[in-house]
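Tertiary structure, described
Spelled out from the first residue to the last, the chains are:
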Amino acid sequence: MYPNQLLLETLEAKNVEYEQMLPALQEIDLLVSGGYKLKNSIRHFIHQRPGEDNEIYETRLKKFTYLNILSANINEQASKLANAPMTIEGLDTNPKFWSAFREDTDLAGRSEKNLISLIFRELLKFKKIYVHVDKNKSDIIPINKLQEEALGLRPYIVTYSPLQVINWSESKGKLNWLKIRQISEDNSNPIAAPRKVCTWTIIDANYIAKYSAFVELDGKGNITKVGNELINNETTISLSAPPIEHGFGTVPVFKIELPDQLWVADQAASKALEHLRTDCAKYDLLTMAYFQRTFKRIQTPDSDLEQTYTNEEPIPTGLAHVIELEKFEWSEPHGYMIEHMAKSLEAIETQVRDLIAAGGVSSSNAALSQSGISKQMDFVKQEAMLKSYGELITDFYQDLLQLVAKAAGLDGSKISVTGLNSFENDSLDSMLAKLDSVSKLNIETLKANLPPSALKVVYEQMVSLLAGSLSASQKEQVNKEIELLLTSIKTLDTSLV
């Protein structure tokens, strides 16, 4: 199906949606990464002002400073979700396999908890992520399951950022095929300079095909040379290995994507950028010579008896502008602008926190002095958002584990994933207060005011809210016990009559 060579132009063809989203995703990636990665691209965020000298602009760039508020808040959300309990049922067919897989999902030591955190963090950043169920290739073809385990051939998980998946086709939410473009460095020769390698991986319902070549890139990541040759319309790329028939019968890659209203980085990135520019401007003001300069032009009469001016060039003060008045002086400003900018930075930090956590996270002194119940009320919006994320991820992870089971030759039809809906916002005091309130609950009064069916529903909801995250089997068992409890109360009432 796949030829030995493909035109570079064909491999580099990109989905229209990818091209539209790429600038925004790259900007979000830089703002979340921060550090040297952002510093190397700082010209993209801090522009040269109209009329600003190159020397002054370069000096201003060297004063770059950035507080990574976007990454900090995304990591806090990811940690909160990852620490929520998650229950998986239906893994009893091969406990040894599932234990090994959950402890090492990528054959490099990444645990299941870290995989969930990675998926959620990428969703918050980029709105979607692609997850591939792959399996080791071996020169020895195993004849049974025992030999396959002895060879260490088991499924593992590979994730792809939407920055890497450059083209795809899908119908009804399922991928028909996708193409991944990855840049890596070849350091195999210790006495030669590293060389960049571009690999294009095409995955469809039957095959995985890889094309790769040594390349040179320009500043925007575009390929300028393949090997030592400049690219042209006839440039071709060869298969790096024969296509592999993966045997799934379907594309072994799942895409999980957030709805627009839950993609927080899309809204928070612009505020983080505002924070960056304001912080850099504030630092620039603080590190300038802290004087306001004014000057008076020298006037010299000429033979035309009209006033003409000499020294028309700006005074080389090191500042972009000075103020022309009727006198020359050096004076220290009051610093009102610095104070205003500091307050603006604080307000932006709060806005970013509120956008990502829906107002549920606060580090103010007032929040620290709140009671447990009052804090819990503050977390209502955040918890509602986290539950929405949790529901998406558990549904996705259930499908993913079923595909892993298929790759391992196991029955995955009974696998069920629940949880990620209880986030430990309760303190011990508030939990004890809840239990005290439940112990004082008058069932007889409820029975007198509610129909039997409504009483059962209310009781189930109350226990669910009190107990938090329960698996499907636990919920079923609790509901049976509630029914028995209410039946026993009804029987007791009848016997007393």
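Residues numbered from 1 in each chain as written. Predicted model: local features only at pLDDT ≥ 70, side-chain atom pairs only at ≥ 80, totals over all residues. Heavy atoms only, no water.

On to the overall build of the chain. The helix and strand tally for the chain stands at 17 helices and 19 strands. Put simply, the chain has 497 residues, and 36% of those count as buried. Look at the contacts in the chain between residues 6 or more apart in sequence, and 71% of them connect residues 24 or more apart. Taken as a whole, the chain presents about 29,000 Å² of accessible surface, with 53% of it coming from carbon and sulfur. (Helix = DSSP H or I, 4+ residues; strand = E, 2+ residues; numbered from the N terminus. Buried < 20%, exposed > 50% of the residue type's maximum accessible area, 1.4 Å probe, protein only. Contact = heavy atoms within 4.5 Å. Areas by Shrake-Rupley, 256 points an atom, 1.4 Å probe, with all protein chains shown as cover.)

A few words on the pairing of strand E7 (residues 195-204). Counted residue by residue, E7 has eight buried out of 10 residues, so it is predominantly covered. Direction of pairing for strand E6 (residues 174-186) relative to E7: antiparallel, over a ladder of 10 bridges. Its bridge partner being in E7, Ile180 is matched across the sheet by Thr201. Pairing analysis gives eight bridges linking E7 to strand E8 (residues 207-217), with the strands arranged antiparallel. Residue pairing across strands places Ile203 opposite Ile208, the latter belonging to E8. Between E7 and E8, which pair antiparallel and follow one another directly, the connecting turn spans two residues. (Pairing = 2+ DSSP bridges.)

Turning our attention to the packing of aromatic side chains. Enumeration over the complete set of coordinates arrives at five aromatic pairs. Here Phe97 and Trp98 contribute two aromatic rings whose centre-to-centre distance is 4.9 Å and whose plane-to-plane angle is 70°, an arrangement assigned as edge-to-face. Taken as a pair, Phe97 and Trp98 share a single burial class, namely buried. Taken together, the ring pairs in this structure connect Phe97, Trp98 and Phe101 into an aromatic cluster. The ring of Phe214 is capped by Arg195, whose NZ or CZ atom sits 3.8 Å from the centre of that ring. (Phe/Tyr/Trp six-rings, centres within 6.5 Å; stacked < 30°, edge-to-face > 60°. Lys NZ or Arg CZ within 6 Å of the ring centre and 35° of its normal.)

What follows concerns the nonpolar core. Of all hydrophobic cores here, the largest spans 70 residues; its most connected members are Leu70, Trp98, Leu276, Tyr389 and Tyr397. The element that contributes the greatest number of residues to this core is helix H13 (residues 380-407), accounting for 12 residues. Here Leu276 is in contact with Leu31, Leu38, Ile42, Phe45, Ile46, Phe64, Thr65 and Tyr66, once residues within four sequence places are set aside. In this structure, Leu8, Leu178, Ile203 and Leu239 belong to the second largest nonpolar core, which totals 29 residues. (Core = buried A, V, L, I, M, F, W, Y, C linked by side-chain atoms within 4.5 Å.)

Spatial strand order, E4-E3-E13: three strands in an open sheet with antiparallel pairing. Looking along the sheet, the strands with just one partner apiece sit at the ends: strand E4 (155-160) and strand E13 (253-257). Taking the axes of each pair of neighbouring strands and ignoring which way they run, one obtains an average angle of 25° across the sheet. Alignment of strand E3 (residues 128-135) against E4, held across six bridges, turns out to be antiparallel. Bridge pairing in E4 places Val131 opposite Thr159. Those strands touched by H13 are E3, E4 and E13, and its axis lies near 175° from that of E13. (Axes fitted to C-alpha atoms, helices over the stretch in contact; angles between N-to-C directions.)

The buried count for E3 comes to seven of eight residues, which makes it a mostly enclosed element. As paired elements, E3 and E13 share five bridges and run antiparallel to each other. Its bridge partner being in E13, His132 is matched across the sheet by Val253.

Here the phi dihedral of Lys127 falls at roughly 80°; this positive angle occurs in a residue that is not glycine. Relative to the assigned elements, Lys127 resides in the loop between helix H7 (112-126) and E3. In this structure, Leu420 is a non-glycine residue whose phi angle is positive, near 55°. Among the structural elements, Leu420 can be located in the loop between strand E19 (416-419) and helix H14 (428-439).

Of all residues in the chain, 76% have pLDDT values of 70 or greater, and the mean over the chain is 81. Within the model, the stretch residues 359-370 combines pLDDT values under 50 with 16 contacts to residues more than four positions away or in other chains. (pLDDT = per-residue confidence, 0-100.)

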